[in-house]
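Examining the three-dimensional arrangement
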Amino acid sequence: MSSSPVARPDEVRRHNRTTLLRLLHVSGPSTRAVLATQLGLNRSTIKTLVDGLAEAGVVEEKVPRPGRGAGRPSLLVLPQPHAAVVLAVDLQVEHVAIALVGLGGQILGRNSWNLHGRTRTPDEVITHVIESAAVLAGDLGVEPVAAGVSVPGVVRRADGYVHEAPNLRWTDVALGERLNAVLKIPILVGNDAELGAVAEHLRGAARGSSDAVYVSADVGVGGGVIAQGSSLRGGAGYVGEIGHMVIRPGGRPCYCGSSGCWETEIGEAALCRALGLPEETPRGAILFELRELSRNPEEAASRLAEFTEWLTLGLVNVVNLLGPQLVVLGDLLTVLPESVVRATAEEVGRRSLVSRAVGGTRIVSSALGADVKLLGAAEVAFEVVLDTV
């Protein structure tokens, strides 16, 4: 009869230290008593862990701001942002954003630039990312210890190989390898919608939901899935191409080679058609039109009726297939009039068997705005950092 291996004391300490640090990183400042309760550890163990982290400069303890309660307030344990800094990169079709993010999720500094024509090529983007990151790190006096990169395409998570990012016109780009060759730090590359789901789960609207789907509609449409509290990544990291779910057989041709994909009915071009705008309308004009439309729910329902029907149909399929507690709408979908989102949620609840079975799947807009994929990129970088801090 074999017995299970017993963890050595140093392994247990390392595990407890990493778990405590991850909790502070995601949840923010906390007292020792609360940490002991949440981690299921005794107070002497928490004291040893916090004292060690404080001595290493990873956390500090502060007296909270004076409150109205009587008695001496408990010290708060706070993560120190500069103790571990990662580079976050969000590659989009029209622009790139980068940020240096400190422990605890604080954005220490950022930069962004537009993409057009020649500047969208892999060589140009990679060079600009490296140069801009070096300038930003120098200005802030920090050195990133890992990097996370969000890409609107099919990405192999194991090595950051971009198989295809059609809206960027990228094919077979060894992005992770090329960035690592210069930056000399771990590089984690992921699909943009997958990283959006990670950010919403840890810091946004899906916080506390163990099963959620993030649906991102931009030029293209993608999805990220949180299943039982973890990111669902599929074979080799390829998952979430819900934009290429065929919902309208014989519909508009899609760049993927199929026709009638969901992306052709709820992506940016489809939204322009619904609003009566040319398909090449600048993003700012689309957002302005949607905000104006929000002032008149009846007009919004009328003008967006067909768009809403395709959005609903796709969401019914997503909910029936994945059974999430929550669906988070991202990118352009966050600017849809609230009345349209509410009507969509009601219709999905009525038409989805799974939604009725689980007591109703909530549908909400992203809580993180334009930073959602930057924060998601930062979080996948922190996955390889927290146990080494």
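My aim in this report is to walk through the structure given alongside it, one point at a time. (Residues numbered from 1 in each chain as written. Predicted model: local features only at pLDDT ≥ 70, side-chain atom pairs only at ≥ 80, totals over all residues. Heavy atoms only, no water.)

Turning our attention to helix α11 (residues 305-322). Helix length check: α11 (18 residues) gives 26 Å between terminal C-alpha atoms against 26 Å at 1.5 Å per residue, within 8%. Taken together, the buried positions of α11 are occupied by F307, T308, W310, L311, T312, G314, L315, V316, V318 and V319. Note on α11: the residue one or two positions beyond its end, G323, has a positive phi of about 60°. (Helix = DSSP H or I, 4+ residues; strand = E, 2+ residues; numbered from the N terminus. Expected span 1.5 Å × (residues − 1). Buried < 20%, exposed > 50% of the residue type's maximum accessible area, 1.4 Å probe, protein only.)

Two side chains that carry opposite charge are able to pair once their charged atoms sit near each other. This structure, assessed with the given rule, holds 26 salt bridges. We note a salt bridge from R303 to E299, for which the minimum N-O separation is 3.2 Å. With R303 and E299 both in helix α10 (residues 297-303) and four residues apart, this pair spans about one turn of that helix. The partly exposed category is assigned to E299, whose relative accessible area is 34%. The salt bridge partner of E347 is R350, with a shortest N-O separation of 2.6 Å. Placement of both E347 and R350 in helix α12 (residues 338-351) is noted, with a separation of three residues, approximately one turn of the helix. Classification of E347 by relative accessible area gives partly exposed; the value is 24%. Each member of the salt-bridge network shares a partner with another, and the members are R32, K47, D51 and E61. (Salt bridge = Lys/Arg side-chain N within 4 Å of Asp/Glu carboxyl O.)

Our focus in this paragraph is the pairing of strand β3 (residues 76-79). Pairing of strand β1 (residues 30-31) with β3, which is carried by two bridges, proceeds in the antiparallel orientation. Bridging from a neighbouring strand, T31 pairs with L76 of β3. Relative to β3, strand β2 (residues 59-62) runs antiparallel, the two sharing four bridges. Directly across from E61, in β3, lies its bridge partner V77. (Pairing = 2+ DSSP bridges.)

What follows is about the side chain of D192. With respect to the element layout, D192 can be found in helix α6 (residues 192-203). In this structure D192 comes out as buried when scored by relative accessible area, which is 12%. Here D192 is in contact with S150, V151, P152 and K373, once residues within four sequence places are set aside. (Contact = heavy atoms within 4.5 Å.)

Time to look at the sheet that holds strand β7 (residues 147-151). With respect to topology, five strands assemble into an open sheet ordered β6-β5-β4-β7-β11, the strand pairing being mixed. Each edge of the open sheet carries a strand with a single partner, namely β6 (106-114) and β11 (187-191). With direction set aside, neighbouring strand axes in the sheet form an average angle of 15°. Bridge count between strand β4 (residues 85-91) and strand β5 (residues 95-102): seven bridges; the pairing is antiparallel. By the bridge assignment for β5, V85 is matched with G102. Across the face of the sheet, helix α14 (residues 372-382) comes into contact with β4, β5, β6, β7 and β11 while running at roughly 135° to β4. (Axes fitted to C-alpha atoms, helices over the stretch in contact; angles between N-to-C directions.)

What follows is about the nonpolar core. One finds V215, W262, L271, L315 and L336 to be the most contacted residues of the largest nonpolar core, which totals 35 residues. Contributing elements (two or more residues each) for this core: β12 (212-217), β13 (221-227), α8 (268-275), α9 (283-293), α11, β15 (326-331) and α12. Ranked by the residues each element gives to this core, the list is headed by α11, at seven residues. With residues near it in sequence (within four places) discarded, V215 still touches G222, I242, W262, L315, V327, V328, L329, G330 and L333. (Core = buried A, V, L, I, M, F, W, Y, C linked by side-chain atoms within 4.5 Å.)

Let's shift gears to the packing of α6 against α14. Between α6 and α14, the least distance of the axes is 7 Å, while the angle of their chain directions is 85°. By the angle between their axes, α6 is roughly perpendicular relative to α14. Every residue of α14 that contacts α6 at D192, L195, G196, V198, A199, E200, L202 and R203 is listed here: V372, K373, L375, G376, A377, E379 and V380. Counted by class, the contact of α6 with α14 contains eight nonpolar, two polar and five charged residues. (Parallel < 35°, antiparallel > 145°, perpendicular 65-115°, else oblique. Nonpolar A, V, L, I, M, F, W, Y, C, P; charged D, E, K, R; others polar.)

Running from N to C, helix α1 (residues 9-27) and helix α3 (residues 43-55) cross one another at 75°; their axes reach a closest spacing of 10 Å. It follows from the interaxial angle that α1 and α3 lie roughly perpendicular. Counted together, R13, N16, R17 and L20 of α1 and T45, I46, L49, V50 and L53 of α3 form the full contact between these two elements. Of the residues assigned to the contact of α1 with α3, the class counts are five nonpolar, two polar and two charged.

What follows is about unusual backbone geometry. A positive phi angle is found at K184, which is not glycine, with a value near 60°. Phi is positive for D331, which is not a glycine, with a value near 55°. Following the sequence through the fold, D331 ends up in strand β15.

To continue, consider a nonpolar patch on the surface. A grouping of L232, L321 and L322 is seen on the molecular surface, where their side chains present a nonpolar patch of about 280 Å² in accessible area. Structurally, L232 is set in the loop between β14 (230-231) and α7 (263-266). Classification of L232 by relative accessible area gives partly exposed; the value is 35%. (Patch = residues over 30% accessible without salt bridge, like charges linked within 9 Å, V, L, I, M, F, W, Y side chains within 5 Å. Areas by Shrake-Rupley, 256 points an atom, 1.4 Å probe, with all protein chains shown as cover.)

Further remarks concern the sheet that holds β3. On the basis of which strands lie adjacent, the open sheet formed by three strands has the order β1-β3-β2 and antiparallel pairing. Two strands lie at the open edges of the sheet, namely β1 and β2, each paired on one side alone.

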